[in-house]
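Structural overview for review
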Amino acid sequence: MPALPVSSTIDLEVGGMTCASCVRRVETALSKVPGVAQASVNLATRQAHVTLTPEGADPQALVDAVEKRGYQAHLLHRDGAADSAEEDEDAAAGRRFFLALALTLPVFLVEMGGHLIPALHHAVQARIDPRALAWAQFALATAVLAGPGRAFFTRGFKALRHLGPDMNTLVALGAGSAWLYSTLVTAAPALFPDEARHLYFEAAAVVATLILLGRWLEARARGRAGSAIRHLIGLRPRTAWARRGGDWAELPIDALAVGDEVRVRPGEKIPVDGMVVEGESWVDESMITGEPMPVTRRVGDRLIGGTLNTRGSLVLRATQVGADTVLAHIIRLVEQAQGSKLPIQRLVDRVTGWFVPAVMALAALAFLGWLAWGPEPRLTHALIAGVAVLIIACPCAMGLATPISIMVATGRAAGLGIVFRRGDALQRLRNARVVAFDKTGTLTLGRPALSDVLPLAGLDHAGLLTAVASVQSASEHPIAHALLEAARAQGHTLAAVEQFAALTGAGVQGRVAGHDWLLGNEALMRSRDIPVEPAVAARIRSLAAQGKTVFLAARGGRLAGVLAVADTLRPSAREAIDRLHALGLKTALITGDHEATAHAVARELGIDIVHAQTLPEHKAALLRDLRRETGMLAFVGDGINDAPALATADVGIAIGQGTDVAIESADVVLMNEDLNSVARAIALSRLTLRNIGQNLFWAFAYNAALIPVAAGALYPFTGLQLSPMLGAGAMALSSVFVVVNALRLKWLPLEARHG
């Protein structure tokens, strides 16, 4: 697995963002810094990804630009510090909420409890002077707004000063207006007529408390959404036992270098990528590949850092360490995908850029309208309407709708061994109509294996295979390796071969157990006057028509058997094609192999479209033609010759065990060799886009429905106005709803579904 290519980008951790307006403002600030080509900010991950021009930009200038807009920023480090910062934010949000709740409850119980329970109201009035009670409410509400709710005002008015009002501005204006009005009524009641001397301290305090509750719940849910990255980072062990100067010593993982020999005991995680030089064990690679069964690893096999050594003891030689390991590469890819923006999100950002100023204008109109034409007490009605509009119309849910779903989906995909290198591939994959496959190394295992054994002349299967494999044991040909592997797998003991000779371009010969053997094609047999009966010749032609390589075996000048080898299909290939068809997709095979081989594979798997004998340089052009005929398409490949096709397809999907060039050209990488992951990726893509649609509908429908209600549209018909407290509760719940709905992507089944 290759490391990411070096690129001129900088990632920042941004604190203080609460809504989509914040995102747009930070992006604008970063884009104006000299040397910045593009800036993308993600509300869910609290990160900014900045692409630089060739001239580059000073990182400190980027940090300063963000901080001038009223936010906190620092360069993002990949060492887990972000995780602890997220946990600190969660804990701080919880502390702010519970402090606000403790201060608000007395005010709420006195005011609202008095309205609901007349006996409580009379008891309070009889025992406490109303003026003293008003000042007590003033003290508690002020403590809420100046303490746990202070950030609403500091951030809100700073944003307003920079002509970029945000959610904090709306809350500060709404809660602040209720508090200021109540304070004036308490301190100078003579300024107001009797019917307008109402106190709204409980509204100001409850509004702030409910929004703090929403932020705390949102922070907790967002933490669960980002658990995939934390899990991946947690796979890395902190120390490792390495051989230095002949002795074993426990060293920090960062101290390891390429070439170091590292010992891994049973039950320990493999610290870095490497090659086994001693030992044999079963290794659980499910955390990387998604495959549940442990695999055998012995001398010469590759090991992936972060996987679990379950049984034996191993010694490996480090081949990649630090940022070059497969695990580090996956973490970067998932972070990139989670931080990217879908095209639909860019539209949402443009809309929300104007949303807060529009809400402020609507709140002003509602206030002035009630003040001019409302019933008495006009000022009271006007204040309730203006504050309710400010509080209820929050763009938080809009800003979270898309990135939180991407964050959860890409995290789940990583757990299944599917890595989205680009987040926007989620949207493009949803629209794919055709999935095209390369053959060799993609649908097949990419190596020949024995497929057919037809004994003749009284021999049985075991006797023929043992003798032929014994002769081939002296050969280096790929077919020889296939025969030896089959014989060993079936437990046959090979005999010594004598007088071995390779017949260039025709076959081999040798003496085994006193018999002379000749192995080769039909032409070789005929040249040695070894007859091939018509029935045998027909069987040879049948096997060849299936795309198999056929050779004959003769013993003592008499035909003794027919054998065939083929590049065998992956075990998951048939099921994968069936799953794609169940999703309503067409499948295609694009290969450089002969027509007979290609069509034989297509028939066996049920593939719809076949293009054979396609040169590597023509694959890309063929894909463009196919796209015009069928619509958007995905291409699955693994080799260097697949790189142009992977880059040309709307979505390129690379098998993770393929070449580095193919992987770097792809949008999606399958870390395992299970082709069912293609269908899972498409199903997850569809679920994610459906989930985003639900989130956006809720966010926009919520605002479209409730802003008129908050402004008092129902009052002429029902005589009721929406309380700012109910507005605050609804606003907080809208953001929590969006996050919780996105979290459903962790558990929704990925069975075949259309749409």
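Preceding block: the structure.
The structure reproduced in this document is the subject of the present report. (Residues numbered from 1 in each chain as written. Predicted model: local features only at pLDDT ≥ 70, side-chain atom pairs only at ≥ 80, totals over all residues. Heavy atoms only, no water.)

In this structure, L12, M17, L30, F420, L580 and I653 are the most contacted members of the largest nonpolar core, which totals 134 residues. The element contributing the most residues to this core is helix α26 (residues 676–711), with 13 residues. Once you skip the residues sitting within four places of it in the chain, L12 turns out to touch L30, R46, Q47, A48, L62, V63, V66, H74, L75 and L76. Of all hydrophobic cores here, the second largest spans 23 residues; its members include A469, A482, A487 and F551. (Core = buried A, V, L, I, M, F, W, Y, C linked by side-chain atoms within 4.5 Å. Buried < 20%, exposed > 50% of the residue type's maximum accessible area, 1.4 Å probe, protein only. Helix = DSSP H or I, 4+ residues; strand = E, 2+ residues; numbered from the N terminus. Contact = heavy atoms within 4.5 Å.)

Right, let's talk about the pattern of salt bridges for a bit. In the structure shown here, the tally under the stated rule is 19 salt bridges. E285 is paired through a salt bridge with R297; the nearest N and O atoms lie 3.2 Å apart. Taken together, the residues span a long stretch of sequence, with E285 in the loop between β9 (281–284) and α10 (286–289) and R297 in strand β10 (residues 295–297) at a distance of 12 residues. Taken individually, E285 and R297 each receive the classification buried, so the pair is uniform in this respect. For E522, the salt bridge is made with R526, and the minimal N-O distance between the two is 2.4 Å. One end of the pair is E522 and the other is R526, both in helix α19 (residues 522–527) and 4 residues apart, which spans about a single turn. Under the relative-accessibility criterion, E522 is labelled partly exposed at 24%. Here the salt bridges share partners, and the residues they tie into one network are R243, E261, E278 and R317. (Salt bridge = Lys/Arg side-chain N within 4 Å of Asp/Glu carboxyl O.)

Turning to the sheet that holds strand β15 (residues 434–437), a few remarks are in order. Spatially, β14-β26-β25-β24-β15-β22-β23 is the arrangement adopted by the 7 strands of the open sheet, whose pairing is mixed. At either end of the open sheet lies a strand with only one pairing partner, and these are β14 (418–420) and β23 (609–611). Between one strand and the next, the sheet's axes are offset by a mean angle of 20 degrees, whatever the strand orientation. When strand β22 (residues 586–590) meets β23, the two strands line up parallel, connected through 3 bridges. Note that in β23 the partner of A588 across the bridge is I609. (Pairing = 2+ DSSP bridges. Axes fitted to C-alpha atoms, helices over the stretch in contact; angles between N-to-C directions.)

Among the 7 residues of strand β20 (residues 549–555), 5 are classified as buried, and the element is accordingly described as predominantly covered. Two strands pair when backbone bridges link them, and strand β19 (residues 515–520) and β20 are joined in this way by 4 bridges, in the antiparallel orientation. The partner of L519 across the bridge, within β20, is A553. By the bridge criterion, 7 bridges tie β20 to strand β21 (residues 558–569) in an arrangement that is antiparallel. Its bridge partner lying in β21, F551 is registered against L563.

In spatial order, the strands read β10-β9-β12; together these 3 strands make up an open sheet with antiparallel pairing. A single partner strand is all that each edge strand has here, and the edge strands are β10 and β12 (308–309). In the sheet, β9 pairs with β12 via 2 bridges, with the strands oriented antiparallel. If you follow V283 over to β12, its bridge partner there is N309.

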